[in-house]
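# Survey of secondary and tertiary structure
Residue-level listing of the chains:
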Amino acid sequence: MGTILQTKDLTKKFGDFTANDKINLTVEEGEIKAIVGENGAGKSTLMNMLYRQLEPTSGEIYLRGQPIEFNSPRDAIQHGIGMVHQHFMLVPSFKVYENILLGTELAHDKLRFLVDHKKEQQECAELIKRYGFDLDVNEVVENLSVGQQQKIEILKMLYRNVDILILDEPTSVLTPQEVDELLLQLKELKAQGKTIILITHKLREVMQVSDSVTVIKKGQIIGNVKTSETNEAELAQMMVGRKVLLTVQNDHIGQESPEVIYTVNDLTTNNTYGNIVVDHVSFEIKKGEIYGIAGVEGNGQSELVKLLSGMMEATGGTVHYKGEEITNLWADELRKLGIAIIPEDRYAQGLCKEMSLSANSIAGSTTSDAFKKNGIFDFKRIRQHCQELIDHYQIRIAEFEGNVSQLSGGNAQKLIIAREMNRQPDLLIASQPTRGVDIGAIEFIHQQILDFRNSGGAVLLISSELSEVMSLSDRIGVMYKGKILGEVDPLETSETEIGLLMAGTIPQEAVVYEK
Amino acid sequence: MNLLSRILYDMVYHTTPILLCVLGGLFAYKAGVLNIALEGMMLAGSFIAVFVALHTQNTLLIYLSALLVCAVIGLVFAYLAVKKKGNVIIIGLAINMLVPAIASFILQYMGVPNLTAKWVNPVNFRFDIPLIKDIPFLGSILSGHPLGTYIGLLMIFVASVVLYKTRFGIYTRVIGESPNAATSLGIQANKYATWAILIGALCCAVAGLNLSYERLGIFTNGMTAGRGFIAIAAIYCGKGKPVQSAMYAFIFGLARSLAINLSVFAGPISALFDIIPYLLMIAILAINSAYEIRNYRMRTYW
Ligand SMILES: Nc1ncnc2c1ncn2[C@@H]1O[C@H](COP(=O)(O)OP(=O)(O)O)[C@@H](O)[C@H]1O
Ligand SMILES: [Mg+2]
């Protein structure tokens, strides 16, 4: 065995910003090395340098003791380093086998300039069989689930016979069952002699499969430990730099009253291709209740939020709020009625990056008289308002007059939450509220949502982080292929049961209130 | 020839330059580069072909010079757009304005309103295809065309094979659809984008040459009359697929043929018929995009 991959003072700068600062990483042959760190810690940057997709600013990489001289992903693959990216690198309109063989097409025996599609199909089918994957080579990639797409990515690398397989946050888009399957597959690959570098910020997975862990924070390695000698709490503390609560304190006793405030009935819409993506969705939310929506990403949650926040039109069904029909109202009308919206993509829909903090702090309230004097914006008043939000919600900023682009992901999200909560809404629609947010801010955001619920507010929480939905919600609807397949009570259900629902099967003995 | 076969023959005849532009231009479209310089490249081909024909009767030389000049323009476009990441609209516009400006400067310098290669007799350029010409009806439509037309028809097949069955075509489609997938596997996007643009330029050379030299032996400035833009419309409507895009090229060719053949009966307002292809282009684009967005439920602008 021995060391297979080593970096020496590896540094990467983007302009003035140092994303990786003198990284000395050592990976042993045949191990599963986990690399953990918060969002933005620089994990992907480091991996992209190992895979030669990014050029290091300084420092060296040694492969089996030799400094590497190659300079492109293609060469990296030839030298046995393969990578499965966080964002898949597949061609959606191509078939499975075309994607697996992309870049190494098989030539026709006689007409060398032509690609032999038949031969490619056979070869891929054999590869899939050899590694015990379950895929149809002739399926078009865009029709496949995320879990299946990930298998293609792994197969792509296995076909190229890599010894070191880097996986960048492979589990963030999978159902719990798919995660378990993947982790098993990784162990299997390790048994076949492959070295695996697994990047994640989910500590449970680290504990489950890895042999050693490297913790990265703000571009620096702050610890190397053997998995057998550590635990989740210790790793979390290393990641954040202080003690953190891994789960929020939720007593599940809001002031839940029988009064229904929000009713969605048979809501339906289609996407650009004419396919139904939200399919007769119905649910109710009571005052003082958090209704969670779980599901694998891409099962209609995103479209449902867009419908409910006025960004998309429903083709059928109704939405009632406080007894009034509000179907297909626009976002400003919804806000006026007391509905707060934390959108899915904070920079596309929640904030304007290139505008000032104070301008962003009144977004959605620009028609309100509170910020005007004689019909003209009162900037003094607006700045004051912004400062109040910053103080009250402890938003960390660099420069008050600067733009939103100065904020880290967590603080940008806090600004949205501050703005929305400040309107004192009765209903909060929160979509992926902690995506790409550091652990410290996650704690804060979760507490905000719980406090709002405890003070009698109603919350619709949509998240692809199952643990988030499970720990916050009072009731959970699981979405699959545009439908709410079943409703469960988080206190009476398990991850396994929800996982089955997320994968489209209704578990037999579970306490599921079928829709 | 009766009216119908006359109209259909003319359809093929008038489709030729558009068809060539479409089949060459779709490579850049598939590679994710919007090449609006097709028009300028075609005009360059028209000009050079007749200009060279003033001095020589060597067909090979005429073809080569048109191809060469368009290749140079194509490389300039590729260099600025792909290598230097310039704005393709502005680069394309520049080429579209520069080419006619240079052409009219040379015409003025020579003191002529247009270039005429007197030795050219277009009838001599038309030749029959042995077997096909004997097929009743169809023969009279498909046979008896200049070389450019046959190249165009053949290109439908060639483009399909190249795009779907060769590495070059596969990579060209990949860099257009998911450039990150391409780089992650070491497929050099710049290289394939440049070749894709170059193929378009070469096809435009043949299209322009067909328009001026093969059909008339005359070059007049502005003679491409928006055919390059019609080609872009056809590529868009056909989503860059060779057969579909070619079909749209034929629809525009048919419109032109109808305009010409029917104007005989129209008397003084016959000039109005010339707007048919352009009206049709607007109509097809509108219908096409209305059809595309029929299921669009988003309230965002784009
Ligand atoms: N191409 C780039 N240009 C500028 N900054 C970048 C670029 N890529 C990443 N960064 C920055 O580097 C930091 C580390 O990013 P990344 O490696 O993706 O983090 P992680 O994968 O650990 O979440 C982030 O702050 C990110 O904004
Ligand atoms: Mg990352």
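Reading the values: the criteria
- Residues numbered from 1 in each chain as written.
- Chains lettered and ligands numbered in written order.
- Predicted model: local features only at pLDDT ≥ 70, side-chain atom pairs only at ≥ 80, totals over all residues.
- Heavy atoms only, no water.
- Donors = N, O, S within 2.8 Å, 3.2 Å for Na, K, Ca; no water.
- Helix = DSSP H or I, 4+ residues; strand = E, 2+ residues; numbered from the N terminus.
- Contact = heavy atoms within 4.5 Å.
- Buried area = accessible area lost by both parts, 1.4 Å probe.
- Salt bridge = Lys/Arg side-chain N within 4 Å of Asp/Glu carboxyl O.
- Nonpolar A, V, L, I, M, F, W, Y, C, P; charged D, E, K, R; others polar.
- Expected span 1.5 Å × (residues − 1).
- Polar contact = N/O pair within 3.5 Å; in protein donor to acceptor, adjacent residues only side chain to side chain.
- Buried < 20%, exposed > 50% of the residue type's maximum accessible area, 1.4 Å probe, protein only.
- Domains from an automatic or database assignment.
- Pairing = 2+ DSSP bridges.
- Near = heavy atom within 4 Å.
- Axes fitted to C-alpha atoms, helices over the stretch in contact; angles between N-to-C directions.
- Phe/Tyr/Trp six-rings, centres within 6.5 Å; stacked < 30°, edge-to-face > 60°.
- Lys NZ or Arg CZ within 6 Å of the ring centre and 35° of its normal.

Our next topic: the coordination of the magnesium ion (ligand 2). The protein atoms that coordinate the magnesium ion (ligand 2) are S44 of chain A (OG) and Q86 of chain A (OE1), at distances spanning 2.1 to 2.5 Å. With S44 of chain A in helix α1 (residues 43-50) and Q86 of chain A in the loop between β7 (81-84) and α3 (96-100), this pair connects stretches of sequence that are 42 residues apart.

The partner chain A presents 40 residues to the 25 residues of chain B that form the contact. When chain B packs against chain A, the two sides together hide about 2600 Å² of surface, and 57% of this comes from carbon and sulfur. Together, L185, R297 and R299 of chain B form the three largest contributors to the area buried by chain B at its contact with chain A, with a combined 31%. Between the two partners, chain B and chain A, sit two salt bridges. A salt bridge links E313 of chain A to R299 of chain B, with the nearest nitrogen and oxygen atoms 3.4 Å apart. Among the secondary structure elements, those contributing two or more residues to the side of chain B that touches chain A are α7 (147-165), α8 (167-177) and α9 (179-184) of chain B. A class-by-class count of the residues in the side of chain B that touches chain A yields 10 nonpolar, eight polar and seven charged.

Residue and element names in this part refer to chain B. With 25 residues, helix α3 (residues 59-83) should cover 36 Å at 1.5 Å per step; its first-to-last C-alpha distance of 34 Å lies within 8% of that length. Tucked into the core, α3 has its buried residues touching α2 (38-53), α4 (88-110), α7 and α10 (189-214). Between the side-chain oxygen at the start of α3 and the backbone nitrogen of L60 there is a gap of 3.0 Å, and the oxygen is on N58.

Residue and element names in this part refer to chain A. Within the structure shown, the criterion is met by 22 salt bridges over all chains. Here K190 makes a salt bridge to D211, at a shortest N to O gap of 3.2 Å. One end of the pair, K190, is in helix α6 (residues 176-191); the other, D211, is in the loop between α7 (203-209) and β10 (212-217), with 21 residues separating them in the sequence. Taking the shortest distance from any N to any O, the salt bridge between R423 and E420 comes out at 3.1 Å. Assessed through its relative accessible area of 25%, R423 is described here as partly exposed.

Each assigned domain of chain A is listed with its residue range as follows: domain 1 (3-240), domain 2 (245-338 + 425-515) and domain 3 (353-424). Computed over C-alpha atoms only, the centres of domain 1 of chain A and domain 3 of chain A are separated by 40 Å.

Turning to the pairing of strand β9 (residues 195-200) of chain A, a few remarks are in order. As a general feature of sheets, a regular strand has side chains that alternate between the two faces. Residue and element names in this part refer to chain A. Of all the six residues making up β9, six are buried; the element is thus mostly covered by neighbouring parts of the structure. Both faces of β9 are covered, namely the face carrying T195, I197 and I199 and the face carrying I196, L198 and T200. Examined bridge by bridge, strand β4 (residues 32-36) and β9 share five bridges and lie parallel to one another. Looking at the pairing, V36 lines up with T200 of β9. Sheet topology note: the strand β8 (residues 164-168)/β9 ladder contains five bridges and is parallel.

Residues and elements named next belong to chain A. Taken together, the residues surrounding ligand 1 are F14, F17, A19, E38, N39, G40, A41, G42, K43, S44 and T45. Note that an oxygen atom of ligand 1 is positioned 2.7 Å from one of the side-chain N or O atoms of S44. Secondary-structure elements contributing two or more residues to the shell around ligand 1 are β2 (17-23) and α1. Looking at the shell around ligand 1, the element that brings in the most residues is α1, giving three residues. For the shell around ligand 1, a count of residues per class yields four nonpolar, five polar and two charged.

Turning next to the sheet that holds β4 of chain A. Residue and element names in this part refer to chain A. In space, the six strands of this open sheet follow the order β7-β8-β9-β4-β10-β11, with mixed pairing throughout. With one partner strand each, in any of the chains shown, β7 and β11 (220-226) form the two edges of the open sheet. Strand-to-strand twist of the sheet, defined as the mean angle between neighbouring strand axes without regard to direction, takes the value 20 degrees. With four bridges connecting them, β4 and β10 associate as parallel partners. Bridged to V36 within β10 is V215. Strands in contact with α6 are β4, β8 and β9; relative to β9, the strand with the most contacts, it is inclined by about 155 degrees.

The geometry of two aromatic rings is summed up by the distance between their centres and the angle between their planes. In total, this model carries 15 aromatic pairs over all chains according to the counting rule given. On the basis of an interplanar angle of 55 degrees and a centroid distance of 6.1 Å, the ring pair of F377 of chain A and F379 of chain A is categorised as tilted. For F377 of chain A, a relative accessible area of 33% translates into the label partly exposed. F379 of chain A sits in the partly exposed class, given a relative accessible area of 48%. A centroid spacing of 5.5 Å and a plane angle of 20 degrees characterise the contact between F47 of chain B and F51 of chain B, whose relative ring orientation is stacked. One end of the pair, F47 of chain B, and the other, F51 of chain B, are both in helix α2, four residues apart, so they sit about a helical turn from each other. Take F47 of chain B: its relative accessible area is 7%, and that puts it in the buried class. According to the relative accessible area criterion, F51 of chain B is partly exposed, its value standing at 26%. Taking NZ or CZ as reference, R299 of chain B lies 4.2 Å from the ring centre of W330 of chain A, over its face.

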